[in-house]
Amino acid sequence: MRLIHSFLNRCVTSLLSVLQRFLVYPSQMTFSGQGSAEQLCDHVSRLGHKKVLLITDKILVDLGLAEGIRTTIEKNQGQLFIFDGVLPDPTITMVNDALAMVQQHRCDAIIAMGGGSSIDTAKGVAAAATHGGLDKLVGILKLKRKTLPLFAIPTTSGTGSEVSIAAVISDPDTHQKAVMADPKIIPQAVALDAKLLVGMPPSVTASTGIDALSHAIETYIGRWADETVYSYSGAAVKLIFEHLPIAYADGSDLGARESLSLASYYAGSALNIGSVGNVHALAHQIGGKYGIPHGVAIGAVMPHVLTASLNDAQEPLAQLADVIGVASKKDTPLQKAQSFVSALVELQARVGMPTHIDKIQTADIKGLAQDGLKEALSYPVPYFMTQAETESLLGKIRKPS
């Protein structure tokens, strides 16, 4: 049975790989460094946008970050409207509520400020605004025309949503997560402003950093990896291993914050080419079922999936061991790969990230495995697991052996 499913996976991903070669990616302007958020707002105004909707969350508004955006937009004779109803794991309801504000105020541009939830919500709104709603836009390459102009100011360093072609939107009733993937939803410009990241709590620093690391690792070991992916993802892995513990211990370290911001951006860029894999396929099911934050689910799943993939992904994992300097030249590729996974577990322990989730119920494991395998069917995974292997893996994630 595994051979049949593995064959299907190869067929599906081969077709998707051919399709990917014909995608046209829009150019994106990137502002980086302290004060780059203001530079991006000036850029939005220079493009002639006068009525701008800021999509963000209430925490950032309460911290006063939205007022900085408002000051710059109004300085340039524009108007800023604020939707601050974003919550973790954006839903169709959030998208529709923000879309109503776009229509009410006749906004001609959107700025997303926040983590992946805010940026994904904004992507959904920008697409829905020019397509008469979000219906029928979920899926791959469903957009027929340009979106409302969209700009992004990430305040976490994890999702890479500011540069990726995808947005994840949840159904508020079923809690099922659906992906909208199209180059048209990539923001026109992004600001990587480390100054906006200093207030991030250690737990969020850790979970978003591990999320970015998962993007870098999964794209690096996936079958779609090419020299561009190796370059971007390798750089991201090195930056995260070096700087995540520093930012976790001292959130005011601007150098570490900027390095993590760049790492997230690099890994997000690699995602557009390499895609994710088994880690995300399972983490999406666990997170959706039990309401566990995405980065936490990713961190719990990743070491177990990589351990199960050691034989099939040993060469790229061995290369990553060399990137972070944890293996000897005399080691075999498999030994190097094992050293990399061990280093990952040690990193997660240093930043307080769990590698188990006790909320997983034994009765749910079969269904979680089935749904995870269904999602993984379209990912260029190095190793396509069987139902039994996936159920066993979920058991290990549930509690230490």
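Keep in mind that this is a model prediction, so the values were computed, not measured.

Participant: Explain the pairing of strand β9 (residues 189–192) here, please?
Facilitator: Two faces make up the sheet, and in a regular strand the side chains alternate between them. Of the two faces of β9, the one holding Ala189 and Ala191 and the one holding Val190 and Leu192 are both buried throughout. Judged from the 4 bridges that link them, strand β1 (residues 29–32) and β9 form a sheet pairing that is parallel. Its bridge partner lying in β9, Thr30 is registered against Val190.

Participant: Mind showing me how you'd approach helix α14 (residues 365–376) here?
Facilitator: For an α-helix, the turn length of 3.6 residues means that residues three or four places apart are oriented alike. The end-to-end C-alpha distance of α14, which contains 12 residues, comes to 16 Å, matching closely the 16 Å that a straight helix rising 1.5 Å per residue would cover. Within α14 the residues assigned to the buried category are Ile365, Leu368, Ala369, Gly372, Leu373, Glu375 and Ala376. The arc that holds every buried residue of α14, seen down its axis, measures 160°, which confines them to one face. Seen from the buried face of α14, the exposed residues on the opposite side, beyond 90 degrees, are Lys366 and Lys374.

Participant: When you look at helix α7 (residues 202–221) in this model, what are you seeing that I'm missing?
Facilitator: Counted at 1.5 Å a residue, the expected span for α7 with its 20 residues is 28 Å, and the 28 Å between its end C-alpha atoms agrees. Most of α7 sits inside the fold, with 17 of its 20 residues counted as buried.

Participant: For this particular structure, what's the right way to read the packing of aromatic side chains?
Facilitator: Two numbers describe a pair of aromatic rings. These are the distance of the centres and the angle of the planes. The tally for this structure, following the rule as stated, stands at 3 aromatic pairs. A centroid spacing of 5.8 Å and a plane angle of 35° characterise the contact between Tyr232 and Tyr266, whose relative ring orientation is tilted. Here Tyr232, found in helix α8 (residues 227–249), pairs with Tyr266, found in helix α9 (residues 254–274); they are 34 residues apart in sequence, far enough to count as distant. Look at Tyr232 and you get partly exposed, because its relative accessible area is 31%. Taking the relative accessible area as the measure of exposure, Tyr266 reaches 25% and is therefore partly exposed. Taking the centre distance of 5.8 Å and the plane angle of 50° together, the rings of Phe241 and Phe340 count as tilted. Taken as a pair, Phe241 in helix α8 and Phe340 in helix α13 (residues 333–350) lie far apart in primary sequence, 99 residues in all.

Participant: Honestly, the sheet that holds strand β8 (residues 177–181) in this entry has me stumped. Any pointers?
Facilitator: Two strands in a sheet stick together by hydrogen bonds in their backbones, pointing the same way (parallel) or opposite ways (antiparallel). On the basis of which strands lie adjacent, the open sheet formed by 3 strands has the order β5-β8-β7 and mixed pairing. Bordering the open sheet on either side are β5 (139–140) and β7 (166–170), each of which pairs with just one other strand. Bridging between β5 and β8 involves 2 bridges; their strand directions are parallel. The residue of β8 that forms the bridge with Ile140 is Ala181. Along the sheet, helix α6 (residues 116–129) makes contact with β7 and β8, crossing β7 at roughly 95°.

Participant: Would you take a moment to explain the nonpolar core for this structure?
Facilitator: Generally speaking, a soluble globular protein has its nonpolar side chains buried in company with each other. Residues Leu213, Ile217, Val237, Phe241, Leu317 and Phe340 are the most contacted members of the largest nonpolar core, which totals 64 residues. Tallying contributions element by element places α7 first for this core, with 8 residues. Discounting chain neighbours no more than four positions away, the residues touching Phe241 are Leu213, Ile324, Phe340, Ala343, Leu344 and Leu347. One finds Leu99, Met101, Ile119 and Ala128 within the second-largest nonpolar core, a separate group that totals 33 residues.

Participant: Just checking my understanding: could you explain the side chain of Lys123 for this structure?
Facilitator: Looking at the element boundaries, Lys123 is found in helix α6. No salt bridge is formed by the buried Lys123; its nearest oppositely charged neighbour, Asp120, is found at 4.3 Å. Once residues lying within four places of it in the same chain are set aside, the contact partners of Lys123 are Leu150, Ser161, Ser164, Ala166, Ala167, Met180, Ile185 and Pro187.

Participant: Teacher, can you tell me more about unusual backbone geometry here?
Facilitator: Most peptide bonds take the trans form, and the phi angle of most residues other than glycine is negative. In this model, Asp89 sits at a positive phi of 60°, which is unusual for a non-glycine residue. Take Asp89: it is sitting in the loop between β3 (79–83) and α5 (92–105). Phi at Ser275 is positive, roughly 65°, even though this residue is not glycine. With respect to the element layout, Ser275 can be found in the loop between α9 and α10 (278–290).

Participant: I would appreciate a short explanation of the sheet that holds strand β4 (residues 109–114) in the present structure.
Facilitator: One open sheet holds the 6 strands; their spatial order is β1-β9-β6-β4-β2-β3, and the pairing between them is parallel. Looking along the sheet, the strands with just one partner apiece sit at the ends: β1 and β3. Each adjacent strand pair in this sheet contributes to an overall mean axis angle of 20°, direction not counted. In terms of strand pairing, strand β2 (residues 51–55) meets β3 through 5 bridges, oriented parallel.

Participant: Is there a simple way to think about the pairing of β2 in this case?
Facilitator: In terms of residue burial, β2 counts as a mostly covered element, since 4 of its 5 residues are buried. With 4 bridges connecting them, β2 and β4 associate as parallel partners. Bridge pairing links Leu53 to Ile110 in β4.

Rules of the game
- Residues numbered from 1 in each chain as written.
- Predicted model: local features only at pLDDT ≥ 70, side-chain atom pairs only at ≥ 80, totals over all residues.
- Heavy atoms only, no water.
- Buried < 20%, exposed > 50% of the residue type's maximum accessible area, 1.4 Å probe, protein only.
- Helix = DSSP H or I, 4+ residues; strand = E, 2+ residues; numbered from the N terminus.
- Pairing = 2+ DSSP bridges.
- Expected span 1.5 Å × (residues − 1).
- Arc of directions from axis to C-beta.
- Phe/Tyr/Trp six-rings, centres within 6.5 Å; stacked < 30°, edge-to-face > 60°.
- Contact = heavy atoms within 4.5 Å.
- Axes fitted to C-alpha atoms, helices over the stretch in contact; angles between N-to-C directions.
- Core = buried A, V, L, I, M, F, W, Y, C linked by side-chain atoms within 4.5 Å.
- Lys, Arg positive; Asp, Glu negative; His and termini not counted.
- Salt bridge = Lys/Arg side-chain N within 4 Å of Asp/Glu carboxyl O.

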